[in-house]
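Each chain, written out:
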Amino acid sequence: MILKSEPSAIAGFLEDTSNLKNGWTPGVFFPETPEEVASLLASAVAEGRRYTVAGNGTGTTGARIPFGDYVIAMQKLDRISEVEVLSDEKALIRVQPGALLQEVQAKAAAAGWFYPPDPTEKTCFIGSTIANNSTGSRSLKYGPTRNHVQALKIALPQGDLLEIERGQYFADAEGRFTLDLPIAGRLSFQRPGYAMPLTSKHNAGYWSTPGMDLIDLFIGSEGTLGVIVEATLLLRPAPEQVIACLAWFQSEDELLDFVRQARAGSGGVSPRALELFDRRALEFLRQSYPEIATETAGAIYFEEETTAESEDTCLEAWLALMERCGSPVEKSWAALDSEGLQKLRDFRHKLPVLVNEWLSRQSESKVSTDMALPDERFAELFRLYRDACDREGFTYIIFGHIGNAHLHLNILPRNREEFDRAKTLYRQLVSEVLAMGGTLSAEHGIGKLKSEYLVQMYGRDGIMEMVRVKKAFDPYLVLNIGNMIPKDYFE
Ligand SMILES: Cc1cc2nc3c(=O)[nH]c(=O)nc-3n(C[C@H](O)[C@H](O)[C@H](O)COP(=O)(O)OP(=O)(O)OC[C@H]3O[C@@H](n4cnc5c(N)ncnc54)[C@H](O)[C@@H]3O)c2cc1C
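Residues numbered from 1 in each chain as written. Predicted model: local features only at pLDDT ≥ 70, side-chain atom pairs only at ≥ 80, totals over all residues. Heavy atoms only, no water.

Q: What is the right way to read the overall build of the protein chain from this model?
A: For the protein chain, the helix and strand inventory stands at 14 helices and 19 strands. Computed over its C-alpha atoms, the radius of gyration of the protein chain comes to 23 Å, within 12% of the 23 Å expected for a compact globule of 491 residues. Counting only C-alpha atoms and orienting by the principal axes, one finds that the protein chain spans roughly 70 × 60 × 50 Å. Within the span of the protein chain, comprising 491 residues, buried residues form 58% of the whole. Counting only contacts in the protein chain whose residues sit at least 6 apart along the sequence, the fraction spanning at least 24 positions is 71%. Accessible surface for the protein chain amounts to roughly 19,400 Å². Of this, 48% is attributable to carbon and sulfur atoms. Placing the 51 positive and 68 negative side-chain charges of the protein chain at their respective mean positions leaves the two points 4 Å apart. (Helix = DSSP H or I, 4+ residues; strand = E, 2+ residues; numbered from the N terminus. Rg over C-alpha atoms; globule rule 2.2 N^0.38 Å. Buried < 20%, exposed > 50% of the residue type's maximum accessible area, 1.4 Å probe, protein only. Contact = heavy atoms within 4.5 Å. Areas by Shrake-Rupley, 256 points an atom, 1.4 Å probe, with all protein chains shown as cover. Lys, Arg positive; Asp, Glu negative; His and termini not counted. Charge placed at Lys NZ, Arg CZ, Asp CG, Glu CD.)

Right under this line is the structure:
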């Protein structure tokens, strides 16, 4: 197994998209088999090493950045199996964690199948999307990555290789799991007793529900309980056709009414994606798309799956809904084929790219949220963010997954004073969203940047319940320490 320690080879592993600085590592291991990952972990205590697992560095929370730990890089574990068809409705694909999400999707598509999870950033590794329970615009219809994972092989911190099939291990009536492992011996632990928020997207802390499946504890655990070394994913038949459209609005109230009616299926619509661009997000995009009208108050991007027979009826239902909500049909940007669809997706992806370009010209980092509320409260979340930022006079944008009441607020400070005020506002918004029954993170996870807020979400007792789960698997604290659970909770 290759170990690299020269500065030029390891520099890339000291960053992700979070702007977290000062990471350092004595070296990066590139295992080529699950057994090599397990053997690194098995010898961690004897070698006096801790490890941080690295995917492809698109994470936003500093989770893969080491602070003195060795890095286990997933790059070389990148195999993707052929599609295994189980029935007309169901197929499986086996992947190693370092395969790119877009390559898994392409391989499924080439065989006529479909892997729904679609984080906007396609260059992430598939293993990381499982470790982070990633979601995307299609999660409105298909739910998070969790719903599409059938089995996992995990290298545990003491060196065991655990294979879990969905449906194999459940928490007992008291919420306890018991596992017998060759190296670690008997592991017996209690799932955390906290109640999770009633949001449709949630990726903050360990998953915990009555009678839960053990596989769900690992999904979204941000690499703190083990390294995913293989996964079996569920595929669905590819939709025959997809229509997509950007609908423009001249008033925010009409836009929000459109979302409300679309979510309710008004007139027969059935969206698989409902995404917001607020007025300021469109101002950013106008740099690349000057054709965006200046009087626009916001836009909604939607997708629906159709067939040749249903396409006309589907389009009519959407056009009628747009008319009812004051969106000028003739000005909308519609896509009825794959080329058009790609253009609209490029439009969506362009927004974070432009924001990052803008930030690279500033001295300050952005302050951004990944919180969500229960679905029906999407308008409250939008107004909460908008009103607070307007009061503060910030430069900001609001965009994202409005169908799941999951909006990204990006505050773009122009100087240190604004940055400090933005951080203060962030703390206030966290308190308000949690008090409204929301989640701290819907998809990006906690990583190193948000662990203090996780304490706010679950309280000291909730964090200590997570610590007990973590220590059951990782008693010598060798893996992804500093992620999700604040470090001082281990002292
Ligand atoms: C422009 C942009 C758009 C984005 N859009 C979305 C979006 O729509 N939805 C969304 O959910 N996220 C989104 N993200 C966040 C990010 O893409 C996801 O969190 C993604 O899953 C990270 O993948 P990565 O391979 O880059 O992981 P990294 O950043 O390298 O690592 C992320 C975490 O995963 C852990 N990890 C990696 N591999 C493994 C493994 N095999 N076993 C255990 N733990 C592991 C790491 O330790 C770390 O904690 C976006 C990011 C950017 C920059």
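Q: What's the story with the site of the ligand in this structure? I'm lost.
A: Lining the immediate surroundings of the ligand are 33 residues, of which Val53, Asn56, Thr58, Ser128 and Thr135 lie closest. A distance of 2.9 Å separates an oxygen atom of the ligand from a polar atom in the backbone of Thr120. A distance of 2.9 Å separates an oxygen atom of the ligand from a polar atom in the backbone of Phe125. The protein chains hide 96% of the 990 Å² of surface that the ligand would expose on its own. Secondary-structure elements contributing two or more residues to the shell around the ligand are helix H5 (126-131) and strand E12 (227-237). The leading source of residues in the shell around the ligand is H5, at three residues. (Near = heavy atom within 4 Å. Polar contact = N/O pair within 3.5 Å; in protein donor to acceptor, adjacent residues only side chain to side chain.)

Q: Whenever I open this one, the pattern of salt bridges confuses me. Can you help?
A: A pair can form between side chains of opposite charge whenever their charged atoms are brought close. Using the criterion set out here, one finds 24 salt bridges in the structure. Here Glu305 ties to Lys141 by a salt bridge, and the two come within 3.9 Å at their closest N and O atoms. One end of the pair, Glu305, is in strand E15 (residues 298-306); the other, Lys141, is in helix H6 (residues 139-142), and 164 residues separate them in sequence. A salt bridge links Glu303 to Arg345, with the shortest nitrogen-to-oxygen separation between them at 3.4 Å. Within this pair, whereas Glu303 is found in strand E15, its partner Arg345 is found in helix H11 (residues 338-360), the two being separated by 42 residues in sequence. On the basis of relative accessibility, which here comes to 0%, the residue Glu303 falls in the buried class. A relative accessible area of 24% means that Arg345 is categorised as partly exposed. Salt bridges here are not isolated pairs; linked through shared partners, they connect Lys141, Arg272, Glu303, Glu305 and Arg345. (Salt bridge = Lys/Arg side-chain N within 4 Å of Asp/Glu carboxyl O.)

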